[in-house]
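# Overview (structure and organization)
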Amino acid sequence: MPDSVSAKKAAEEQPSLRRSVTPWGSFSWGYSDVGADIFVGLGLVLGAAAGASNVAFLFAGLVYVCVGLAYTELAAAYPVAGGGQYFVLRGLGDIFGFIAGWAVLLDFTIDIVLFAWSCIDYLSKLLPFLAFTAHPWTHFGVVFAVIAGLAWLNVIGVRESSAFNEIVSGLDIASETAILFFGFLFAFRPEILIHTMQSAWPTPFNLMNGVSLAIISFVGLESISQAAQETQRPASVIPRTSISLILTILIFALSYSNLALGLQPWTPIPPDAHGHAQALWHYLGNEDNNGAAVQVLASMIPYYGALAALYVPVLGAILLLISSNSGVFGSSRIAYAMSHTQLLPSLFKKVHPKFRTPAVSIVVFCSFAILELFFAALPSLSPFFKETYARLFRGEDGITFLGDLYAFGAATSYSFVFIALIALRLNDPESPRKFKMPFNIPFKYRGVRVEFPIVAVIGFAGIFSILIFTMLTHLIGRIAGPSWIILGLIAYLVYRKRKGLPVFGSQKHDWRSQQAQILKNAGELELMDEYIANVKASDRLRSGEPAP
Amino acid sequence: MSLEIQPHLVGVLIALAILAATAATMYWMLHPPTTTAERAARETERDVEDIIGSVIVVFSAEIHSEHMMALAVRLAQRERAELLAAYVIEVPLTLPPDAVMEVEQRHALDVLATAEAIARQKSIEIRTETIKARQVAQGVLDLAKRRDAHLIVLGAYHEGKYSGAPLGRAIETIATSALCDVLIGVQGNRGKILTPYQHKPPKKTPDPEITY
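Since this is a predicted model, take the numbers as computed values, not measurements. (Residues numbered from 1 in each chain as written. Chains lettered and ligands numbered in written order. Predicted model: local features only at pLDDT ≥ 70, side-chain atom pairs only at ≥ 80, totals over all residues.)

Glancing now at the interface of chain A and chain B. Between chain A and chain B, the contact holds 26 residues from the first and 22 residues from the second. Of all the secondary-structure elements, those providing two or more residues to the side of chain A that touches chain B are helix 2 (23–34), helix 8 (162–187) and helix 12 (234–262) of chain A. Per element, the largest residue contribution to the side of chain A that touches chain B is nine residues, and it comes from helix 12 of chain A. When the residues that make up the side of chain A that touches chain B are grouped by side-chain class, the tally is 16 nonpolar, six polar and four charged. (Contact = placed C-beta atoms within 7 Å. Helix = DSSP H or I, 4+ residues; strand = E, 2+ residues; numbered from the N terminus. Nonpolar A, V, L, I, M, F, W, Y, C, P; charged D, E, K, R; others polar.)

Following this line, the structure appears as structure tokens:
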């Protein structure tokens, strides 16, 4: 009976995600992730690239603009949850989809530790007993407790509300704009900037190191595309929110780095451990302050600094905690999505019977995060490991190690996203792209007019060079990053072989029906009509039929 | 170290540029292009804002509009409309038009008192009126014209299976002849205009073959 069939089909249909994310919600979803990066990245880059930190941020920022434009185009064209991993799966097939997703998972686990670590660093500016250098065991214990606590909250299904995210993002944008406005207005001296750049220009090695760390200030934009399935009118809203996020973060990163190099401090800078006077960039980039550089910089601004010193640690800590939580949530969500497409075992889509959350994924990836925490904290906890790290890894500190891996994961997944974008431009020209990366070369491919994206090639070259910089300049990152990918790939191949699935190839997907369904579910009915018309037209063109 | 602030022109210009760029970015982001559906929704919303100025809720011996009254009160509360509850007494042709009909008038007072109470619960001002007419429909149409109503709200009743106007002749006449919008609440299958939401599915009708 047709009625019973349709009723059965309806009963089998999964409930879809509610489209409740507004433009501001979509922006703050991304901002709460990427906005926290500058709180961590500024100190690390100043410590590595010294007087060329602004150049490092500029280079990474230009690459980030290309990455952002690629994500904007893809998220508007394919508004589904999954982000980069989905785009690569669709554009390049299962195995590359796995590698991209696995690299993103590495980033998410690092995200959990790095931001929890930095959150405590910011709080330590108000509560000195949490300071990393003075009390490493307390710092380690509290970061451990934060990660365990976030894992527990995510297992029982408690998350910060969207409204809370939106309020914190709004407050942070206002706060950062105020810091930069008053900083440049009251205390910026161009001659100090020029002098610092001339006197503290780094070696090429350190500049590459700085660039590879600067990219971590821009990681997280993909959160917008991961929320695409819940965004109202994604094809129209996502291009706006993505581009706004790109611009906002770029403005902040470039302004902070230039301010840090050209600020006339309002309060005296304490001497270094040897009693020597030190420049502001050096003070911000040392081990004591590199985890909380924005707060230290803000406190040096005349008048406004007194207020900023009080609230920036709290606001920064909240934003970093949200970002750390987005790592817990994001890793479990990506693993869940990868499990559904049989890129990961079905274990990762197991839902807790009581709390209805992907508890296994949460526990597994939080355990990875805790392992990374151990690895990062060991040199500060034991003199033996400090000596070993100094001998084997040029004495990289814990937070720099986390930054390396973060940059490695991001550069790997972004590289694949650029290639996937080019592949999708060639293989799926029918999907309407409400936003397209600029500068394209039109030509005919398999009888259909396609556009080759020049910016994607530039972006790929940029992000790939950052990946190379990361491998060249970071000894731990060089070993740990590729090891993560290789071990994951071996597990993937074994799993696919055991399940009788194509090992190196891809499963069959009906992308056309899926795309029409995606646009229908997104409420983009005009785009769905356009897509169906495009598909018919390109089929006609390929078969040589005349137009009706 | 000097504690005097000496802003540098370059710093001032960069500070202003940061402020302007951030504000412009936020403004641009929060004003995305609208879709056809959104434009249509906005136009409808504008039309509705224009029409909801004065609302008449109609009661009579056969028309029970208490649920619709409660809805109209909520509407009036949000849209700041003027609300009038009117009870129409149908005077038979055998009686003079201004005949005293004590039972009906008493009933009208009860109904209008309930309507007032509903409005009072939401702190909405309401006027009430009892009118006499030869036919309910004509009485309502005259009242709407006289009061320059923008919306007539009334509950429906079923007149009978073989009637040409299953929702009631009065309602059919009002709906087809009114010069303003008419909102009719049709009774649900449980005999009420608004039935409470049920989580359980409705009972399955038994098969004719096994019905005794």
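A few words on the environment of Ser331(A). All names here are of chain A. Topologically, Ser331 is positioned in helix 15 (residues 304–340). In this structure Ser331 comes out as buried when scored by C-beta crowding, with 28 C-beta atoms within 10 Å. Residues Ser331 and Gln515, 184 residues apart in the sequence, show an inter-C-alpha distance of 25 Å. Beyond its immediate chain neighbours, meaning those up to four positions away, Ser331 contacts Leu105, Phe108, Thr109, Ser361 and Phe365. (Buried ≥ 20, exposed ≤ 12 C-beta atoms within 10 Å, placed from the backbone.)

Next up on the list: the nonpolar core. Residue and element names in this part refer to chain A. Within the largest apolar cluster, 182 residues are counted, with the highest numbers of intra-cluster contacts made by Ala60, Ala70, Val113, Ile147, Ile215 and Ala260. In terms of residues, this core owes the most to one element, helix 6 (residues 94–124), which gives 21 residues. Looking at which domains feed residues into this core, each of domain 1 (36–509) and domain 2 (512–543) supplies at least three. What Ile215 contacts, discounting residues up to four positions off in sequence, is Ala60, Val63, Ala407, Ala410, Ala411 and Ile466. (Core = buried A, V, L, I, M, F, W, Y, C linked by C-beta atoms within 7 Å. Domains from an automatic or database assignment.)

Attention now goes to the packing of helix 6 of chain A against helix 16 (residues 359–381) of chain A. Residue and element names in this part refer to chain A. Interhelical geometry of helix 6 versus helix 16 gives an angle of 60 degrees and a closest axis separation of 8 Å. In terms of axis orientation, helix 6 runs oblique to helix 16. Taken as a pair, helix 6 and helix 16 cross one another with a handedness that is right-handed. On helix 16, the residues touching Leu105, Phe108, Thr109, Ile110, Ile112 and Val113 of helix 6 are Phe365, Cys366, Phe368, Ala369, Glu372, Leu373 and Ala376. Of the residues in the contact of helix 6 with helix 16, the class split is eleven nonpolar, one polar and one charged. (Axes fitted to C-alpha atoms, helices over the stretch in contact; angles between N-to-C directions. Parallel < 35°, antiparallel > 145°, perpendicular 65-115°, else oblique. Left-handed = near helix turned anticlockwise from the far one by under 90°.)

All names here are of chain A. When the domains of chain A are assigned, the result is domain 1 (36–509) and domain 2 (512–543). If you average the C-alpha positions of domain 1 and of domain 2, the two centres end up 35 Å apart. Taken together, the contact between domain 1 and domain 2 spans 15 residues of the former and 14 residues of the latter. Taken together, the residues of the side of domain 1 that touches domain 2 break down into eight nonpolar, three polar and four charged.

A few words now on the pairing of strand 3 (residues 127–133) of chain B. All names here are of chain B. Here seven bridges tie strand 2 (residues 82–90) to strand 3, and the two strands are oriented parallel to one another. Residue pairing in the sheet places Leu84 in a bridge with Arg127 of strand 3. For the crossover that starts at strand 2, traverses helix 4 (residues 102–121) and ends in the parallel strand 3, the hand is right-handed. (Pairing = 2+ DSSP bridges. Right-handed = clockwise from strand over helix to strand, strands pointing away.)

What follows concerns the sheet that holds strand 5 (residues 181–185) of chain B. Residues and elements named next belong to chain B. Here five strands make up an open sheet; going across it, the order is 3-2-1-4-5 and the pairing parallel. Looking at which strands have only one partner, the edges of the open sheet turn out to be strand 3 and strand 5. Adjacent strand axes in the sheet meet at a mean angle of 25 degrees, parallel and antiparallel pairs treated alike. In this sheet, strand 4 (residues 151–155) lies alongside strand 1 (residues 54–60) in parallel orientation, the contact comprising four bridges. Each bridged residue has a counterpart across the sheet, and for Val58 the counterpart in strand 4 is Leu154.

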